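Structural characterization, general
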Amino acid sequence: MLLYMSQSQEAAPSPRHSVSVAGVVVREDGRLLAIRRADNGTWELPGGILELDETPEAGVAREVLEETGIHIEVAELTGIYKNMTRGIVALVFRCKPSGGTERTSTESTAVSWLTPDEVSEHMSEVYAIRLLDALDDNGPHVRSHDGTHLIPAG
């Protein structure tokens, strides 16, 4: 059986999403690794766009090392977050530091180990929730946001 599409169906491009990864790196003392981004000055998790030829776990290890100088062991997926405005899906993993020394990069102007309270003070809602979600055992969490605020499920 052959299916035919109208010209309008052929011309409509498929929606595209970008997939990113981020690491919630938790030290033994409970402090969490964060960076201040060089491009906009906001505090966020280390992470970035997943390359086509790498697994999510390899991607998060690469991004954390590139942005912070810290080597990690990836433990588990703690959340999936979608920026509804920009079409970015972020996979967030809880990780443990396994070596390295904190340093900045072309993507980060500061690297710091924050307490959970400091996370809420330094980060916007959509980034702080990723760190806080990773600290509980009720995940993985699935959340949507508009780039600034969470969008209620429903």
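Every value quoted in this text rests on a predicted model; they were computed, and no experiment measured them.

**Things to note about the sheet that holds strand 2 (residues 32-37)**
Within the open sheet, the three strands sit side by side as 3-2-7. Their pairing is antiparallel. Looking at strand neighbours, the two that pair on one side only are strand 3 (43-44) and strand 7 (108-114), the edges of this open sheet. Across two bridges, strand 2 lies against strand 3 in antiparallel orientation. Within strand 3, the position partnered with Arg 36 by the bridge is Trp 43.

**Thoughts on the side chain of Asn 83**
Here Asn 83 is to be found in strand 5 (residues 70-83). One polar contact links the side chain of Asn 83 to the main-chain amide nitrogen of Arg 86, over a distance of 3.0 Å. Excluding residues that lie within four positions of it along the chain, Asn 83 makes contacts with Ile 88, His 145, Asp 146 and Gly 147.

**Considering the nonpolar core**
General note: in soluble globular proteins, nonpolar side chains tend to be found buried as a group. Counting residues in each nonpolar core, the largest one holds 18 residues, and the members touching the most others are Val 24, Leu 32, Leu 45, Val 92, Val 119, Met 123 and Leu 131. Among the secondary structure elements, those contributing two or more residues to this core are strand 1 (18-25), strand 2, strand 6 (88-100), strand 7 and helix 4 (125-135). Here the element with the most residues in this core is helix 4; it accounts for four residues. Discounting residues that sit within four places of it in the chain, Leu 32 has contacts with Val 24, Val 25, Val 26, Ser 112, Trp 113, Leu 114, Pro 116, Val 119, Leu 131 and Leu 135. Judged by nonpolar contacts, the second largest core, of 14 residues, contains Leu 33, Ile 72, Phe 93 and Trp 113.

So, how was this worked out
- Each chain carries its own residue numbering, running from 1 in the written order of its sequence.
- Per-residue local features are limited, in this predicted model, to residues with pLDDT of at least 70; the limit for side-chain atom pairs, both in listing and counting, is 80 or more; totals at the level of whole chains, interfaces and linings are taken over all residues.
- No hydrogens and no water enter the side-chain calculation; it runs on all heavy atoms of the structure.
- Any two strands with at least two DSSP-identified bridges between them are counted as paired.
- Helix and strand assignments come from DSSP, with helices taken as H or I runs of at least 4 residues and strands as E runs of at least 2, each series counted from the N terminus.
- Contacts described as polar in this section are N or O atom pairs within 3.5 Å, which, within protein, must combine one atom able to donate a hydrogen with one able to accept it, while residues neighboring in sequence count only if both atoms come from side chains.
- We call two residues in contact whenever any of their non-hydrogen atoms come within 4.5 Å of each other.
- Residues belong to one nonpolar core when they are buried, are Ala, Val, Leu, Ile, Met, Phe, Trp, Tyr or Cys, and are joined through side-chain atoms within 4.5 Å.
- To sort residues, take the accessible area from a 1.4 Å probe on protein chains only and compare it with the maximum for the residue type: under 20% means buried, over 50% means exposed, and anything in between is partly exposed.

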